[in-house]
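Listed below, chain by chain, are the residues.
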Amino acid sequence: KCKMKLVIAEKPSVARSIAAVIGATDRQEGYLQGNGYIVSWCIGHLVSFADAALYDERFKKWRYEDLPIIPESWRLTVPPDKRERFDTLRTLLRSEEVSEVINACDAGREGELIFRTVYHLAGCTKPMKRLWISSMEDNAIREGFAHLKPGRDYDPLHQSALCRAKADWLIGINATRLFSVLYHKTLTVGRVQTPTLKMLADRDAKITGFQKEKYHIVHIARGGMEAVSDRFPDPTGAESVKTACGGARAVCASIHREKKTEQPPKLYDLTTLQREANRLFGFTAKQTLDYAQTLYEKRLLTYPRTDSRFLSDDMEQTAAGIVAGIVPILPFMEGAAFSPEIRRILNSAKVSDHHAIIPTAEFVKQGFSGLADSEKKLLSLVCCKLLCAVAPAHEYEAVTATFTCAGQEFTAKGKTILAAGWKDIDRRFRASLKTDADEDGEAAPELPAITEGQVFEDVAASVTEHFTSPPKPYTEDTLLSAMERAGAEDMPDDAERKGLGTPATRASILEKLVQTGFIQRKGKQLLPTKDGINLAAVLPEALTSPALTAEWETRLSEIAKGEADPDEFMAGIEAQARNLVTAYSCISEDKQKLFQTERVAVGTCPRCGEAVYEGKKNYYCGNRACQFVMWKNDRFFEERKKAFTPKIAAALLKHGKVKIKGLFSPKTGKTYDGTVLLADTGGKYVNFRMEWKK
């Protein structure tokens, strides 16, 4: 019987793209077949490490005495909703028709783990090959299949992925249970999310503790020339200089001209793409990753989860073709003079798993047709960056003129653009966006023609008042940048992954912190909540400092290169979990109350005059002896299709009635505006009725 090769991709859409190229076009239940291949797919992490409770029944309850939980042998498990998919893959992996397996999951640490856990749990021992590609375009897939690598070449990468997952499990589960039990509230602790939260809490403390200081600046002006003094903390000093200079003579003491060159930006890796999309469009890091992943699966963008900002040296022709192809598609490039320098973006030494993010040849063919607005924006941004990266440098002359007047020194700064270069493309793109994103401080004006020794008679003098400003709250843009740089000083220069998290995980970390209620979004700002600030304060430095993650990532990349021992790494992590539990055995009673939720009073009880508080399902009287309670799911409001909000409850308690718009009438099927009365007769249930005008 003819033997088949089984190809396993990470997602169905990727499997379909691969199948189309290698000729597996015959659709079966759960896979595609043809031309000697069977192509199937996982759906992300099909298999994961079992939860603590599956190791021992007693771990279902969270107790201090059960900690630390350290599995002797690790168990893998399949979530119920993914069981069917796993069974399909296991059947295929064990099939006698299959002679060889090809791992076509995403080419990176997590992709390796996704495939290998399925392969091992299915009990497969068949020969394994690795497909390693950076684009879903047909020719990239063909090229990848022509150069499949032996699976064992990626054993160290798999070891590093396993160590990362086990270490996150050990520290995450033990630290989360430990601090939750101590403080009587679920406090999720994670190797990356906790130091990220600490950065937000530290910034918040700096802003809250900031004391603004006033300072003054003296300006002198004459005939188009304006110059400013240094700062004066004291207004009297500034005023006396202003008086001395008003109507006096100013002399240009020196002019310093310096030619400056701003090199074109590098291409995007995932983090810089997320940062700029947040700054320009307000996309969250997760939205940017989701849009980029969709565009990758539509074959219009290269693989997004990359930390490289260069293309490999063999991509010169491909890149030149794409650059030439996208210029006519982009409206903002109309009439722009442009001669690209492709070699500037090539550097194989700086490409690790994947090259930088660029549009594909498929995009040149298809253009923007049929794409959602958000996808168009992101693609335009990537196109703009590619064009800027291959455009000439931006050149300007910076001019600094110093003046003396009444024994004081004043300075005027200006710039003259000599060659707009790549900034012209960037300016055109931003102008096409109609966005309120801040321009990068191009404020220096052109100075009038001034010569050294020139005299300005009868200058006008004035004083302006200013204040020092506090640090700004983090936005996703600035926080991603800080995460990328965090702990960098503690890491060796050649460490492959620096900072907190990886480009692929940072977005989900921020989302998790928002979902668990430790940080909140306010416009573009990310702010820690009261619980977030408290959590960052009570955890030990070992968990809140980026040094832990920095050290892990260095060791993990050594394991991936085969230069460090996985067992040694895991022994260190287990010791850390044990030490943590020993160090935090009990805390003071005061500290235990840190995370108690504050009760918010919505009004006064009509029966006993005590405060009425909002609960999860009701509004209840704080006096236990009093039975007064209004239920949020009261039939009166449900029938009228109105949520019983705290605002309605407060009005009913204060005035005994409330005007409500858009009440639904079950009789007529229409909505109407009316007044609802609180009809409390002192019984077990509180009633409500409509007020009808007589």
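Residues numbered from 1 in each chain as written. Predicted model: local features only at pLDDT ≥ 70, side-chain atom pairs only at ≥ 80, totals over all residues. Heavy atoms only, no water.

Chemist: Describe the nonpolar core, naming the residues involved and giving the relevant values.
Modeler: Residues F179, M483 and F569 are the most contacted members of the largest nonpolar core, which totals 61 residues. Counting only elements with at least two residues in this core, the list comes to α5 (155–183), α6 (193–208), α14 (476–485), α15 (506–515), α16 (530–538), α18 (546–560) and α19 (566–583). Ranked by residue count, the leading element in this core is α5, at 14 residues. Not counting residues up to four positions away in its chain, the partners in contact with F179 are K185, L187, V189, V538, L539, P540, L543 and Y584. If you look at the next biggest cluster of nonpolar residues, it comprises 45 residues, including M333, I342, C388 and W422. (Core = buried A, V, L, I, M, F, W, Y, C linked by side-chain atoms within 4.5 Å. Buried < 20%, exposed > 50% of the residue type's maximum accessible area, 1.4 Å probe, protein only. Helix = DSSP H or I, 4+ residues; strand = E, 2+ residues; numbered from the N terminus. Contact = heavy atoms within 4.5 Å.)

Chemist: Just give me the short version of the pairing of strand β24 (residues 671–679), but keep the residues and values in it.
Modeler: One ladder, built from six bridges, connects strand β23 (residues 657–664) with β24; its direction is antiparallel. Looking at the pairing, K657 lines up with L677 of β24. Linkage of β23 to β24, two consecutive antiparallel strands, is achieved through a turn of six residues, within which G669 is found at a positive phi near 75°. Here β24 pairs with strand β25 (residues 687–690) via four bridges, running antiparallel. Paired with V676 across the two strands is M690, which belongs to β25. (Pairing = 2+ DSSP bridges.)

Chemist: Describe the sheet that holds strand β1 (residues 4–9), with residues and values.
Modeler: With mixed pairing, the seven strands of this open sheet are ordered in space as β2-β3-β4-β1-β7-β8-β9. Each edge of the sheet is formed by a strand with only one pairing partner; in this case those strands are β2 (26–28) and β9 (149–150). Relative to strand β7 (residues 98–104), β1 runs parallel, the two sharing six bridges. Within the sheet, the bridge partner assigned to K5 lies in β7 and is E100. The strands touched by helix α3 (residues 109–121) within the sheet are β1, β7 and β8 (128–130), with β7 carrying the most contacts at an inclination of about 155°. (Axes fitted to C-alpha atoms, helices over the stretch in contact; angles between N-to-C directions.)

Chemist: Tell me about the environment of G499, and please be specific about residues and values.
Modeler: In this structure, G499 sits in the loop between α14 and α15. Residues G499 and E553, spaced 54 residues apart in sequence, show a C-alpha to C-alpha distance of 8.6 Å.

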